[in-house]
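# What the coordinates show
One letter stands for each residue in the lines below.
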Number of protein chains: 2
Amino acid sequence: MRSAAAGNRVACAGEVTGTPRGELMQIGQVAERTGLSLRTIRFYEENGLVLPTARSEGGFRLYSQDDVARLDVIKRMKPLGFSLEEMQELLGLLTELDSDDGDRAQLLDRLRMFHEAATARVTALRDQLAVAEGFAGSLAAHLDSRR
Amino acid sequence: MRSAAAGNRVACAGEVTGTPRGELMQIGQVAERTGLSLRTIRFYEENGLVLPTARSEGGFRLYSQDDVARLDVIKRMKPLGFSLEEMQELLGLLTELDSDDGDRAQLLDRLRMFHEAATARVTALRDQLAVAEGFAGSLAAHLDSRR
DNA sequence: GAACTCGTCCCTCACGTCAGGGTTGGGCGA
DNA sequence: TCGCCCAACCCTGACGTGAGGGACGAGTTC
């Protein structure tokens with residue numbers, strides 16, 4: 001299905017491979033880079049998580065390198081089981097901290113709460129892992145005894 | 001919410017604590033024991049995972065010790081991310097193996113496949129945990145540097 | 001009569017999937 | 001050089017799914 005060769009953009013002079021910095025890419029390329037599905041990327045936009053930097057004349061979404069970075073952050077957050085709403089808040093928090101304009105102390109406080117939630121989720125994940133390992137082990141035991 | 005004290009069954013003579021073996025309990029007690037919600041237990045029944053051993057005259061679900069054991073198995077499977085359908089199959093498999101009647105070799109083969117799937121899910125969980133730890137760590141780093 | 005349970009209904013979340021149509025840009029004929 | 005075609009890509013909108021959550025009015029049990 002995915003025919004990578006049939007790109008509709010000819011390589012410019014000096015361009016070696018992939019998309020050069022400063023260029024915008026459309027959703028398919030972003031999906032390839034991030035490993036997210038088109039639907040997922042659009043869904044994140046619907047929910048205000050990552051808005052494409054631009055749109056083409058005809059309405060195609062055009063993403064910058066920064067947009068892709070945001071998507072990567074989301075991808076790294078996912079195993080923590082945060083809701084989209086929480087991810088949105090955290091993303092906003094991080095960009096606000098980068099461009100210092102808000103109430104620094106309050107921002108850091110909120111960030112600390114996220115960190116607490118994250119570590120809590122990590123221990124929950126560890127517990128889940130232990131249960132999972134236990135179950136897999138008991139399956140193995142069943143197999144051994146019934147051989 | 002969960003009022004443990006308000007049991008609607010009076011203790012019989014000779015009964016010290018909890019529900020004695022051989023007795024049936026209704027859904028609330030089962031929920032307490034398993035840590036599953038009433039809704040979840042009913043949902044599992046709807047999907048053929050755990051049917052109550054009996055019903056009261058008036059239609060209350062009545063569960064045996066074995067039923068509770070099945071629910072516990074499900075609870076232990078959950079972190080592996082199996083679907084309800086898969087859990088149903090695995091439960092059936094196990095009971096078929098206990099009461100030996102079917103094609104033993106084939107049953108064991110299917111069990112082996114479950115074991116493989118389980119170990120695969122375990123490694124996936126480990127990966128997720130690693131990502132989660134990484135993210136939590138980067139949050140901590142952010143906090144440190146912005147202090 | 002208080003606590004418990006029943007079945008039924010709609011709600012949520014994070015997407016998947018389908019349908020039907022529009023856009024992009026290279027290539028080709030004229 | 002202009003126009004058109006075509007494949008590949010993309011759009012919106014709507015409905016479906018999995019695993020339950022929550023509420024409700026009525027019935028049951030003790």
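To be clear, the structure that these remarks concern was listed above.
A few points on the structure. (Residues numbered from 1 in each chain as written. Chains lettered and ligands numbered in written order. Predicted model: local features only at pLDDT ≥ 70, side-chain atom pairs only at ≥ 80, totals over all residues. Heavy atoms only, no water.)

## As for the packing of aromatic side chains
Residue and element names in this part refer to chain B. By the definition in use, this model includes four aromatic pairs over all chains. Judged by centre distance (6.5 Å) and plane angle (45°), the rings of Phe43 and Tyr44 are tilted. Note on Phe43: relative accessible area 34%, which makes it partly exposed. Aromatic pair Phe82 and Phe114: ring centres 5.9 Å apart, planes at 85°, arrangement edge-to-face. (Phe/Tyr/Trp six-rings, centres within 6.5 Å; stacked < 30°, edge-to-face > 60°. Buried < 20%, exposed > 50% of the residue type's maximum accessible area, 1.4 Å probe, protein only.)

## Quick notes on the nonpolar core
Residues Leu90 and Leu111 of chain A together with Leu90 and Leu111 of chain B are the most contacted members of the largest nonpolar core, which totals 70 residues. Residue contributions to this core reach at least three from each of two domains, namely domain 1 (1-83) and domain 2 (102-147) of chain B. Among all residues touching Leu111 of chain B, those that are not within four sequence positions of it are Leu139, His142 and Leu143 of chain A together with Leu90, Leu93, Leu94 and Leu97 of chain B. (Core = buried A, V, L, I, M, F, W, Y, C linked by side-chain atoms within 4.5 Å. Domains from an automatic or database assignment. Contact = heavy atoms within 4.5 Å.)

## Quick notes on the relation of the copies chain B and chain A
Note on the copies: chain B fits chain A at an RMSD of 0.1 Å, the axial shift is 0.0 Å, and the rotation between them is 180°. Both copies of the chain, as the preceding transformation shows, are related through a two-fold rotation axis. Comparing contact sets, 97% of the residues at the interface of chain B also lie at the interface in chain A, consistent with an isologous, same-surface contact. (Least-squares fit on C-alpha atoms with pLDDT ≥ 70 in both.)

## Side note on the sheet that holds strand β1 (residues 25-26) of chain B
Hydrogen bonding along the main chain pairs the strands of a sheet, whether they run parallel or antiparallel. Residues and elements named next belong to chain B. Sheet architecture is open: three strands sit in the order β1-β3-β2, paired in antiparallel fashion. The open sheet is flanked by β1 and β2 (54-55), the only strands paired with a single partner. As judged from the two bridges shared by β2 and strand β3 (residues 61-63), these two strands associate in the antiparallel manner. What sits directly across from Ala54, in β3, is Leu62. (Pairing = 2+ DSSP bridges. Helix = DSSP H or I, 4+ residues; strand = E, 2+ residues; numbered from the N terminus.)

## Observations concerning the packing of helix α5 (residues 104-145) of chain A against helix α5 (residues 104-145) of chain B
Relative to each other, α5 of chain A and α5 of chain B sit at 160°, their axes nearing to 9 Å. By the angle between their directions, the pair α5 of chain A and α5 of chain B is classed as roughly antiparallel. Considering only the axes of α5 of chain A and α5 of chain B, their crossing is left-handed. Residues that form the contact of α5 of chain A with α5 of chain B fall into these classes: 24 nonpolar, seven polar and six charged. (Axes fitted to C-alpha atoms, helices over the stretch in contact; angles between N-to-C directions. Parallel < 35°, antiparallel > 145°, perpendicular 65-115°, else oblique. Left-handed = near helix turned anticlockwise from the far one by under 90°. Nonpolar A, V, L, I, M, F, W, Y, C, P; charged D, E, K, R; others polar.)

## So, the side chain of Ser64 of chain A
Residues and elements named next belong to chain A. Relative to the helices and strands, Ser64 resides in the loop between β3 (61-63) and α3 (65-77). A distance of 3.2 Å separates the side chain of Ser64 from the side chain of Thr53, its partner in a polar contact. Apart from the residues within four sequence positions on either side, Ser64 is in contact with Leu24 and Thr53. (Polar contact = N/O pair within 3.5 Å; in protein donor to acceptor, adjacent residues only side chain to side chain.)

## Focus on the pattern of salt bridges
Residues and elements named next belong to chain B. Within the structure shown, the criterion is met by 14 salt bridges over all chains. Arg55 is paired through a salt bridge with Glu45; the nearest N and O atoms lie 3.2 Å apart. Here Arg55 is found in strand β2, whereas its partner Glu45 is found in helix α2 (residues 38-46), with ten residues between them in sequence. Look at Glu45 and you get buried, because its relative accessible area is 14%. Here Glu96 makes a salt bridge to Arg110, at a shortest N to O gap of 4.0 Å. Taken as a pair, Glu96 in helix α4 (residues 84-98) and Arg110 in helix α5 lie far apart in primary sequence, 14 residues in all. (Salt bridge = Lys/Arg side-chain N within 4 Å of Asp/Glu carboxyl O.)

## Remarks on the interface of chain B and chain A
Contacts between the two partners involve 34 residues from chain B, matched on the other side by 33 residues from chain A. In this assembly, chain B packs against chain A so that about 3,200 Å² is buried in total across both faces, 76% of it on carbon and sulfur atoms. Taken together, the links from chain B to chain A amount to two salt bridges. Among the ionic pairs, Arg126 of chain B bridges to Glu133 of chain A, the shortest N-O distance being 2.3 Å. Here chain B is connected to chain A by two residue pairs in polar contact (both at pLDDT 80 or more). Only α3 (65-77), α4 and α5 of chain B provide two or more residues apiece to the side of chain B that touches chain A. Sort the elements by how many residues they give to the side of chain B that touches chain A and α5 of chain B lands first, with 24 residues. Along the lines of polarity and charge, the residues of the side of chain B that touches chain A split into 21 nonpolar, six polar and seven charged. (Buried area = accessible area lost by both parts, 1.4 Å probe.)

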